[in-house]
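# Residue-level structure breakdown
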Amino acid sequence: MMRLQHARPGRFLTALLGALMLAVAPLMLSAQESTTAPDTNTTLDLDQLLEQVRDGRIRDSATNRERIESFRGDRARQRELLDELTAEEQRQEAISLERESRFEENDLLIGELEVRLNERLGSLKELFGVLQQVAGDAQGNFAGSLTQIHGTERVDELQAFAQRMGQTADLPTIEEIERLWYELQWEMTETGRIARLSMPVLTRTGEEREQEVIRVGPFNLVSDGNYFQYVPETGRVVEYGRQPAPRHRDGARALSAGDPDVNFSIDPTRGQLLALLVQAPDLKARITQGGVIGYLIIALGLVALVIAVARLVSLARTNRRIEKQLQDMSTPGDNPLGRIARVYQDDHEWDTEALELKLSEAVLRELPAVNRGLGFLKIVAAIAPLMGLLGTVTGMIITFQAITLFGAGDPKLMAGGISQALMTTVLGLTVAIPILLMHQLVQARAKHITELLEQEAVALVALSAMEEK
């Protein structure tokens, strides 16, 4: 029993020692870093361990006291700063209240002054609106005027003046009003003049060169006998891609040559009519719109026209020879009637019926040469409109396909496609109508010769019958 009681205190001490070592392990590590490391073979007893724990607690207490004192000193300084900021806030609030009061007083004063100013301005207030409107209208007109080729900066000045008149209540100065009057007067004066100046222009080939430009009032620009246009967006003078008809360019050429007496065609719309005129396709462009079918119609018409003219000339020559032969039937010549007369002379001894058949054969032998080409002319007059209709139908199909792809929102697309499609019909009718007339003329001339030959053949048969009696 005694051994057991002694053993229990020993176990209690061992457990207490382990707990103390776990508690002071961090302090021992910090102490070992600040002091010389002891020998690894040295061991600490319980009294030394308790001494070290006491020293560590003393040092911690001293450190904590120092920190508390530091915190107390900082709290005093923070209190002083808080007092200073509170005083500054009160001062700024006082300043804000004082300025708010001053703002209200100034606002009332400004309202009174504005009322007084409006009363004193009276009808002068309308002057702002008039000047603003006139300056705005003048700026818009001057921006697109041909007088801008002189390089004036009036457009920007008028725009700035109009904006200032619309945003401020300041009266314009006399100089500004006179400036506006001067620009209006200068524009009116220049629109009645023909001015010449040298400046860079852009030709239709894309070449930029320096040459003389003639400005005919506010209507047209001319250079080297050609018409030019002014592009306000870029401020450049550009030659039209296509020029109008020669009858309109004669005046431009004479004006460029310095002729004092010129019949010049002006554009009162300041370039709009001229732009539409040069955009309108000419005869060559119209023919090109017809495409392959159009060229075939024209070629067929030319061939038919040549044949018709040739047949008219040939039939006229044959008619003259026949009329000459009628004057002397005893001497047959190299013509249809002469050949028929020669048959009569060779076979006049036959009986009447045989001679009639022989002469009818001679007449029939001459008819193919007289009627040559009539069938071709008739076919061309009939097939040309059909070819034109074929081209129109083909063009309409292409137009409707384009409408299917791009929609019908652009009327110009539809109008342009239909115009090109109808061009072949126009060409077909243009060819068919004169060819039909030529066919009738040739047919009438050939019919006249045929009837003349038949009449003379019958006359020769009658003459032979009379001789038999």
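The structure we're discussing is the one just above.
Predicted model, so just to flag it, every value in this text is computed and none were measured. (Residues numbered from 1 in each chain as written. Predicted model: local features only at pLDDT ≥ 70, side-chain atom pairs only at ≥ 80, totals over all residues. Heavy atoms only, no water.)

### Some remarks on the overall build of the chain
Cut-off, in case you're wondering: Helix numbers and strand numbers start at the N terminus; a helix is a DSSP run of H or I with at least 4 residues, a strand a run of E with at least 2. For every residue, the accessible area obtained with a 1.4 Å probe (protein chains only) is divided by the maximum for its type, and the residue is called buried under 20%, exposed over 50%, and partly exposed between those limits. In what follows, residue pairs with any heavy atoms lying within 4.5 Å of each other are defined as contacts. Accessible surface area values rest on a Shrake-Rupley calculation with a 1.4 Å probe, where residue burial reflects the displayed protein chains alone.
Scanning the chain from terminus to terminus reveals 13 helices and 5 strands. Going through the 469 residues of the chain one by one, you find that 28% of them count as buried. Within the chain, residue pairs in contact and separated by at least 24 positions form 63% of the contacts whose partners lie at least 6 positions apart. Looking at the chain as shown, the accessible area adds up to about 31,600 Å², and 59% of this sits on carbon and sulfur atoms.

### Side note on the sheet that holds strand β3 (residues 220-223)
Going by this rule: For two strands to be treated as a pair, DSSP must find no fewer than two bridges joining them. With axes taken as lines fitted to C-alpha atoms, and helix axes fitted only over the stretch in contact, angles between N-to-C directions fall between 0 and 180 degrees.
Spatial strand order, β1-β2-β3-β4-β5: 5 strands in a closed barrel with mixed pairing. Averaged over all pairs of adjacent strands, the angle between strand axes in this sheet comes to 50°, irrespective of strand direction. Pairing of strand β1 (residues 194-202) with strand β5 (residues 236-239), which is carried by 2 bridges, proceeds in the parallel orientation. Opposite L202, over in β5, you have V238 as the bridge partner. The sheet strands contacting helix α6 (residues 246-256) are β1, β2 (208-216), β3 and β4 (226-231), and the helix crosses β4 at an angle near 85°.

### Some remarks on the packing of helix α9 (residues 291-326) against helix α10 (residues 336-347)
Note the cut-off: For this classification, under 35 degrees means roughly parallel, over 145 means roughly antiparallel, 65 to 115 means roughly perpendicular, and everything else is oblique. Each residue gets one label: Ala, Val, Leu, Ile, Met, Phe, Trp, Tyr, Cys and Pro are nonpolar, Asp, Glu, Lys and Arg are charged, and the others, such as Gly, are polar.
At a closest axis distance of 7 Å, the pairing of α9 and α10 adopts a crossing angle of 40°. Relative to α10, the element α9 is oriented oblique. Across the interface between the two elements, T318, I322, Q325 and L326 of α9 pack against P336, L337 and G338 of α10. When its residues are assigned to classes, the contact of α9 with α10 shows 4 nonpolar, 3 polar and no charged.

### With respect to the pattern of salt bridges
When the charged atoms of two side chains with opposite charge come close together, those side chains can pair. Filter applied, for reference: We define a salt bridge as a contact between a side-chain nitrogen of Lys or Arg and a carboxyl oxygen of Asp or Glu at a distance within 4 Å.
Summed over the entire model, instances satisfying the criterion amount to 10 salt bridges. Put simply, R179 and E183 hold a salt bridge, and the shortest N to O gap is 2.8 Å. Linking R179 with E183, this pair stays in helix α5 (residues 174-190), spanning 4 residues, or about one helical turn. The class for R179 is partly exposed, based on a relative accessible area of 35%. Each of E190, R193 and R215 takes part in salt bridges that share partners, so that together they form one network.

### What about the nonpolar core?
The following threshold applies: The criterion is simple. A nonpolar core is a set of buried Ala, Val, Leu, Ile, Met, Phe, Trp, Tyr and Cys residues joined through side-chain atoms within 4.5 Å.
The biggest cluster of nonpolar side chains holds 35 residues, and the ones touching the most others in it are I340, L359 and I435. Elements represented by at least two residues in this core include exactly α9, α10, α11 (352-370), α12 (374-406) and α13 (411-468). Per element, the largest residue contribution to this core is 14 residues, and it comes from α13. If near-sequence neighbours (up to four positions away) are discounted, L359 is found in contact with I340, V343, Y344, A457, L460 and V461. Within the second largest apolar cluster, 11 residues are counted, among which are L131, A135, F161 and A162.

### Quick notes on the packing of α10 against α11
Where we set the bar: Put simply, a crossing is left-handed when the front helix is turned counterclockwise from the back one by less than a right angle, and right-handed when it is turned clockwise.
Following both chains from N to C, one finds α10 and α11 inclined at 155°, their axes separated by 10 Å at the closest point. Our classification of the angle between α10 and α11 gives roughly antiparallel. With respect to the hand of their crossing, α10 and α11 are arranged in right-handed fashion. Contacts between α10 and α11 involve P336, R339, I340, V343, Y344 and D347 from the former and L355, K358, L359, A362, V363 and E366 from the latter. Of the residues in the contact of α10 with α11, the class split is 8 nonpolar, no polar and 4 charged.

### Re a negative patch on the surface
We apply this condition: Here the term patch refers to residues with relative accessible area over 30% and no salt bridge, with like charges joined within 9 Å and nonpolar side chains (Val, Leu, Ile, Met, Phe, Trp, Tyr) within 5 Å. Under the convention used here, Asp and Glu are negative, Lys and Arg are positive, and both His and the chain ends fall outside the count. By convention, charge coordinates are those of NZ in Lys, CZ in Arg, CG in Asp, or CD in Glu.
Taken together, the side chains of E100, E104, E105, D107 and E114 define an acidic patch exposed on the protein surface. If you trace the backbone, E104 turns up in helix α2 (residues 46-121). Classification of E104 as exposed rests on a relative accessible area of 53%.

### Comments concerning the environment of L437
Along the chain, L437 turns up in helix α13. Along the chain, L437 and L377 lie 60 residues apart, while their C-alpha atoms are 9.7 Å from each other.

### Side note on unusual backbone geometry
In this structure, D224 is a non-glycine residue whose phi angle is positive, near 55°. If you trace the backbone, D224 turns up in the loop between β3 and β4. We classify D224 as exposed; its relative accessible area is 56%.

### Digging into the pairing of β3
For a regular strand, side-chain orientation follows a simple rule: the groups alternate between the two sheet faces. Side chains of β3 alternate between two faces, with N220 and V222 and L221 and S223 buried alike. Direction of pairing for β2 relative to β3: antiparallel, over a ladder of 3 bridges. Its bridge partner lying in β3, R215 is registered against L221. Connecting β2 to the antiparallel partner β3 that follows it, the hairpin turn spans 3 residues, and G217 within it adopts a positive phi of roughly 55°. Bridge analysis of β3 against β4 gives 3 bridges, and the strand direction is antiparallel. Bridge pairing in β4 places L221 opposite F228. The hairpin turn running from β3 into β4, its antiparallel successor, is 2 residues long, and D224 in that turn takes a positive phi close to 55°.

These figures capture arrangement, not role.
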